[in-house]
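Structural overview for review
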Amino acid sequence: MNKQHNDLANCIRFLSIDAVQKANSGHPGMPMGMADVATVLFKNFLRFNPKNPDWLNRDRFVLSAGHGSMLLYSLLYLTGYKSISLNSIKKFRQLNSICAGHPEYHSKTGIETTTGPLGQGIANAVGFAIAEEILKRKLGKEIINHKTYVLAGDGCLMEGISHEAMSLAGHLKLKNLVMLFDNNSISIDGPTSLAVSDNFKKRFESYGWEYILINGHNEKEIFKALKKVQNAKKPTIISCKTKIGYGSPNKSGKSSSHGSPLGLDEIKLVRKVLNWSHKPFQIPNKILDEWKKIGKKGELLENKWNKIYKKKKKKIDKVLKNNFTKILKKEKQISIRENKSLATRKSSELTLNVLTDKNNTLIGGSADLAGSNNTKTKHHKIIKPGEFNGNYIHYGVREHAMSGIMNGLALHSNFIPYGGTFLIFSDYCKPSIRLSAMMQQRVIYVMTHDSIGLGEDGPTHQPIEQLSGLRSIPNLNVFRPADRMETIECWELALKKSKTPSVLSLTRQNLKPIRTKYSNINKCSFGAYEVLRTNKKINLTIFASGSEVNLAIETSHKLAKDKIYSKVISMPCQNLFDQQSESYKGKILRESKNKISIEAASTDCWRKYVGTDGLAFGIDAFGKSAPYNDIYKHFGLTATNIANKSKKLMRN
Ligand SMILES: Cc1ncc(C[n+]2csc(CCOP(=O)(O)OP(=O)(O)O)c2C)c(N)n1
Ligand SMILES: [Mg+2]
């Protein structure tokens, strides 16, 4: 092997070894094993510009095997990204260092996505590759024409999400997607033969991928494979046979090099074996210059691209821009005029109908429930294998991949992805929802059939603890609108909040309109607001959301007949309410001592509003299979029961 290649690859190896040793924690094995592949990729193929990490037409490099984060940090430092200095590498895994334990997404850094939960990066990469194809159709291939490379390990490929995402990628013929599989046959517990005997070639070929097997330490083989994929007709997996911990006499090829420092004695031996006489964190200028030259190449590439971009800038800006406010204003007026009972999933469809009638960057979809989630409108054009001139994705029954792919779509550029499933199956999306929130990505989860109100499908399909769980995810807006007007307002907020993902929790059953007057103010933006009071002076506050707001209103009127006066607060978004000023929250929360809440779900997340003295009406058991009115009765969610129990509360 050529000395220059070895020197370049060894920079990655030793920065990783030394950073992990200094931090006394981390994963040296993967960067040591994949250094050769990464070097050939960055040196010869990857189109990127360290001076402008967010260049629109850069190749995307996703490190799905996020535990090998030092591989990425080393490459970014060596090629000249400002985001990663040698100092930050020395602070690997320390508080506030950009070199966090696992890569954490930040724009303009070269870290394309947050990884660590294995397999997520693969779905993100599929999202990037879809986004590239769609944008290419919109802007032309002189502007967008890039590859997405994803480095995945044995662990990523054992995860269920990899099967979902790769199967869809093969179906769609995402020819610009390349996986570099770190096929080292080792994971934490030992050899992967403990748990896997998949025939990889057959597995991936059956998905419609090209499978290339190489020696991941042979520069020529790596080069040849990467050269071949430049003209691929389908997604390609380059299966790189590597040795984990390459270069370590006692730990290579063993799980002992996976996730702990090699130790000073072993590091000495690795230096000998790999012929690296330099001190920890010391990269000789000559080799560093070589790496910097590699980074510089991208600057020229972008400059060339910029000439074409400048000529087309106006058109591009127009394609990438969104303006939803005007359209939704009209829709709000129509909703008041029509004043009809509708399921909020239907109201959502009507909203989407006007949104999708115009050109924008919304990319819709559903996990095989388009007709139930009401996510597809007559204006949508479906994305098909090799045909990306559309804006709707049939994800198939692949909720987890759908969510991870939507993260990729959102991260890629200006796309606003939304995707549907039943709220109960948010559990199948959860790891990716959590990452949308952590990465501050505008991903919109349209989750219908949001309670026992779905009826006969029974407890397996009726969400109970899902709302409380989702609401406890930081930086996630869970919207549960109560009628058509609230649904439009919640959509408006979901679209506007560019750094917060949203869950729209929508009903299957019809709901009577609550808002009957048009207002220019988006009331849902307060998270909670008053919809009714039965007297100027009240001594009971009733909180409710979504389908239970009407029940709250009925209860309030019933109590008024017995001279118990109350106000009803619709609370479509707890997170937004919690962010309001103390005085606004005080007005809502502290007007009466007596407080109750009504929501057909787990009562956990209402306690903070009603307190230990209040009553939280909900369901803290699994649901039932029956017509929905009977289930509401069964769980005591009726105006009569709630009014009676509230009276008792007031007497105490
Ligand atoms: C979803 C998920 N489950 C478990 C883990 C913990 N974990 C981190 S790395 C790893 C083993 C990965 O094996 P492999 O991808 O082969 O990496 P290698 O040991 O080859 O570096 C596990 C189980 C994780 N990060 N994510
Ligand atoms: Mg492995």
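Definitions and cut-offs
Residues numbered from 1 in each chain as written. Chains lettered and ligands numbered in written order. Predicted model: local features only at pLDDT ≥ 70, side-chain atom pairs only at ≥ 80, totals over all residues. Heavy atoms only, no water. Helix = DSSP H or I, 4+ residues; strand = E, 2+ residues; numbered from the N terminus. Rg over C-alpha atoms; globule rule 2.2 N^0.38 Å. Buried < 20%, exposed > 50% of the residue type's maximum accessible area, 1.4 Å probe, protein only. Contact = heavy atoms within 4.5 Å. Areas by Shrake-Rupley, 256 points an atom, 1.4 Å probe, with all protein chains shown as cover. Lys, Arg positive; Asp, Glu negative; His and termini not counted. Charge placed at Lys NZ, Arg CZ, Asp CG, Glu CD. Expected span 1.5 Å × (residues − 1). Patch = residues over 30% accessible without salt bridge, like charges linked within 9 Å, V, L, I, M, F, W, Y side chains within 5 Å. Salt bridge = Lys/Arg side-chain N within 4 Å of Asp/Glu carboxyl O. Axes fitted to C-alpha atoms, helices over the stretch in contact; angles between N-to-C directions. Parallel < 35°, antiparallel > 145°, perpendicular 65-115°, else oblique. Nonpolar A, V, L, I, M, F, W, Y, C, P; charged D, E, K, R; others polar. Near = heavy atom within 4 Å. Polar contact = N/O pair within 3.5 Å; in protein donor to acceptor, adjacent residues only side chain to side chain. Pairing = 2+ DSSP bridges. Core = buried A, V, L, I, M, F, W, Y, C linked by side-chain atoms within 4.5 Å.

Looking now at the overall build of the protein chain. Counting its secondary structure elements, the protein chain contains 24 helices and 20 strands. Rg of the C-alpha trace for the protein chain: 28 Å, near the compact-globule value of 26 Å for 652 residues, within the 12% margin. Oriented by its inertia axes, the alpha-carbon framework of the protein chain measures out at about 90 × 55 × 45 Å. For the protein chain, the residues scored as buried account for 61% of the 652 residues in total. Sequence separation of 24 or more characterises 78% of the internal contacts of the protein chain that already satisfy a separation of 6 or more. For the protein chain, the accessible surface area stands at approximately 26,400 Å², while carbon and sulfur atoms represent 50% of it. Seen as two clouds, the 100 positive and the 55 negative side-chain charges of the protein chain have centres 6 Å apart.

Taking 1.5 Å per residue, 13 residues should reach 18 Å; helix H19 (residues 549-561) reaches 19 Å between its end C-alpha atoms and fits that length. Looking at H19, one finds that the buried residues are Val-549, Asn-550, Leu-551, Ala-552, Ile-553, Thr-555, Ser-556, Leu-559 and Ala-560. In the core, the buried residues of H19 are packed alongside strand E15 (510-511), strand E16 (529-533), strand E17 (540-544), strand E18 (566-570), strand E19 (594-598) and helix H24 (639-651). Just downstream of H19 lies Lys-563, where phi reads positive at about 65°.

Among the surface-exposed residues, Arg-47, Lys-304, Lys-307 and Lys-310 lie close enough to one another that they form a single positively charged patch. In this structure, Lys-310 sits in helix H11 (residues 285-320). A relative accessible area of 63% means that Lys-310 is categorised as exposed.

Below, the discussion takes up the packing of helix H12 (residues 325-338) against helix H18 (residues 484-496). To characterise two packed helices, one gives the angle between the axes of the helices and the distance between these axes. Where H12 meets H18, the closest approach of the two axes is 9 Å, and the angle between their N-to-C directions is 170°. When the axes of H12 and H18 are compared, the pair comes out roughly antiparallel. Each of Thr-325, Leu-328, Glu-331, Lys-332, Ile-334, Ser-335, Ile-336 and Glu-338 in H12 lies in contact with H18, whose residues at this interface are Arg-484, Met-485, Ile-488, Glu-489, Glu-492 and Leu-495. Residue composition of the contact of H12 with H18, grouped by class: six nonpolar, two polar and six charged.

This part takes up the site of ligand 1. Lining the immediate surroundings of ligand 1 are 15 residues, of which His-67, Gly-155, Asn-184, Ile-186 and His-258 lie closest. Gly-116 has a polar backbone atom sitting 2.8 Å from a nitrogen atom of ligand 1. For ligand 1, an oxygen atom lies 2.6 Å from a polar atom in the side chain of His-258. In isolation ligand 1 offers 590 Å² of accessible surface; the protein chains occlude 74% of this area. Of all the elements in the fold, those that place two or more residues in the shell around ligand 1 are helix H6 (154-158) and strand E4 (186-187). Partitioning the shell around ligand 1 into residue classes produces six nonpolar, seven polar and two charged.

Tracing the backbone shows Glu-112 in the loop between helix H4 (86-90) and helix H5 (120-139). Remark: the alpha-carbon pair of Glu-112 and Leu-213, spanning 101 residues in sequence, is separated by 27 Å. At 2.8 Å, the side chain of Glu-112 forms a polar contact with the side chain of Arg-58.

Picture the strands of a sheet paired through backbone hydrogen bonds; they go either parallel or antiparallel. Spatially, five strands are ordered E1-E2-E3-E7-E6 in an open sheet, and the strand pairing comes out parallel. Either end of the sheet is taken by a strand with one partner, and the two such strands are strand E1 (60-63) and strand E6 (210-215). Each neighbouring strand pair of the sheet contributes to a mean axis angle of 20°, computed without reference to strand direction. Pairing between E6 and strand E7 (residues 236-241): six bridges, direction parallel. Following the sheet pairing, Asn-215 is matched in E7 by Lys-241. Of the strands in this sheet, E1, strand E2 (148-153) and strand E3 (177-183) touch H5, which is tilted by about 170° from E2. Its contacts with the sheet put helix H9 (residues 219-229) on E2, E3, E6 and E7, and the angle it makes with E6 is roughly 165°.

Another aspect to go through is the pattern of salt bridges. This model, assessed by the stated rule, comprises 33 salt bridges. When the shortest N-O distance is used, the salt bridge between Glu-338 and Lys-340 registers 3.9 Å. Since its relative accessible area comes to 47%, Lys-340 is described here as partly exposed. For Arg-515, the salt bridge goes to Glu-489, with nearest N and O atoms at 2.5 Å. Here the residue Arg-515 occupies a position in the loop between E15 and E16, and Glu-489 occupies one in helix H18, the gap between them amounting to 26 residues. Across the pair, exposure class does not vary: Arg-515 and Glu-489 are buried alike. Salt bridges here are not isolated pairs; linked through shared partners, they connect Glu-132, Glu-133, Lys-136, Arg-137 and Lys-175.

Of all hydrophobic cores here, the largest spans 134 residues; its most connected members are Phe-61, Leu-226 and Trp-291. Per element, the largest residue contribution to this core is 11 residues, and it comes from H5. Setting aside residues no more than four positions away along its own chain, Phe-61 makes contact with Leu-41, Phe-42, Leu-46, Leu-71, Leu-72, Glu-112, Tyr-149 and Leu-151. Formed by 35 residues, the second largest nonpolar core is a distinct cluster that contains Leu-362, Phe-479, Leu-576 and Cys-605.

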